[in-house]
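# Per-entry structural report
These are the residues of each chain, in order.
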There are 2 protein chains.
Amino acid sequence: MTDKRNLDAAFDSFDATWEPRVVATVNDYDVRIAKVDGDHTWHSHADTDEFFLCVAGEFTINLRDADPVVLGPGDVYTVPRGVEHYPQAAPGTRILMLEPQGTPSTGDQGDVDHVPTSTGVALN
Amino acid sequence: MTDKRNLDAAFDSFDATWEPRVVATVNDYDVRIAKVDGDHTWHSHADTDEFFLCVAGEFTINLRDADPVVLGPGDVYTVPRGVEHYPQAAPGTRILMLEPQGTPSTGDQGDVDHVPTSTGVALN
């Protein structure tokens, strides 16, 4: 069971970018939120899809073999399992993600210089 | 894989209340949205948690043994598996849900007079 949470308050409770917070769980899935800004890294998740909801700002999902998917506020998109993607974000962008617990944020890439990998951090 | 969707546009594409639309899938989970208004029914889901995000309006989750959980815009809450709940909503309320594909909207209750059960309807 997870407590009632407000997304705005949850976002306001941390400053780090590219370091998702777990705002709720659903069975063995996490609902994670993250502040994102600038470049992430090319990576993929072999075993799971990854759902994104852009809450604020602009979130671009670059893909190897297709046009970038550009998400504005209220836009949703699921990156299929195994598909390489490179997220980029405008300053102030906020996203909500859904994925199985334990899924690393950088997928098959592990730690990257500018983006330490994370499996989600508990909210305060 | 699911196409990029905008939540506002998706909500504007249908009128029915208490009849969720599938806006995205993630592995074998649905991300569903619904317009809700008035009373749902007491029910539970024996095998799954159910996640709610209030997108607009006011969504109240009545519980048998605890105070009601009242969600406003941006509030999230997960009803644990097996917990009886009775959703109620103010006019104009919009919610987003996350649950395994095939989960019936009325749980163990099947069709109810004022709330036909649904496992989610595809968006146009």
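Here goes a summary of the coordinates provided. No experiment lies behind these values; they were computed from the predicted model shown.

Turning our attention to the pattern of salt bridges. Per the counting criterion, the structure on display carries 14 salt bridges over all chains. Residues Glu19 of chain A and Arg21 of chain A are paired through a salt bridge, measuring 2.6 Å at the closest nitrogen-oxygen approach. A relative accessible area of 30% means that Glu19 of chain A is categorised as partly exposed. The residue Lys4 of chain B makes a salt bridge to Asp75 of chain A at a minimum N-O spacing of 3.9 Å.

When the parts of a complex come together, some accessible area is lost, and that lost area is often taken as the interface size. Counting residues at the interface gives 32 residues for chain B and 32 residues for chain A. Summed over both partners, the interface of chain B with chain A comes to about 2,600 Å²; 58% of that surface belongs to carbon and sulfur atoms. Counting every contact that joins chain B to chain A gives two salt bridges. On the surface where chain B and chain A come into contact, there are 20 residue pairs in polar contact (both at pLDDT 80 or more).

We now examine the pairing of strand β2 (residues 21–26) of chain A. Residues and elements named next belong to chain A. Within β2, five of the six residues are buried, which leaves it mostly tucked inside the rest of the structure. In this structure, β2 lies alongside strand β3 (residues 29–39), joined through five bridges in antiparallel fashion. Bridged to Arg21 within β3 is Ile33. Where β2 lies against strand β9 (residues 121–122), two bridges are found, and the strand directions are parallel.

What counts and what doesn't
Sequence order as written defines the numbering, with residues in each chain counted from 1. Numbering of ligands from 1 and lettering of chains from A proceed in the order in which they are written. Whole-chain, interface and lining totals are the exception, using all residues; otherwise, since this is a predicted model, local features are given only for residues with pLDDT of at least 70 and side-chain atom pairs are given and counted only at 80 or more. Side-chain metrics rest on all non-hydrogen atoms present in the structure, leaving aside hydrogens and water. Every case where a carboxyl oxygen of Asp or Glu lies within 4 Å of a side-chain nitrogen of Lys or Arg is listed as a salt bridge. Exposure classes here rest on a 1.4 Å probe applied to the protein chains alone. A residue is buried below 20% of its type maximum, exposed above 50%, and partly exposed in between. We call two residues in contact when some of their heavy atoms are within 4.5 Å. Put simply, buried area is how much 1.4 Å-probe accessible surface two parts lose in total, over both of them, once they are put together. Identification of polar contacts relies on pairs of N or O atoms within 3.5 Å, with a donor-acceptor requirement for protein atoms, meaning one able to donate a hydrogen and the other able to accept it, and with residues adjacent in sequence counted only if both atoms are side-chain atoms. Here a helix means four or more residues in a row that DSSP labels H or I, a strand means two or more in a row labelled E, and each is numbered from the N terminus. For two strands to count as paired, DSSP must find a minimum of two bridges between them.

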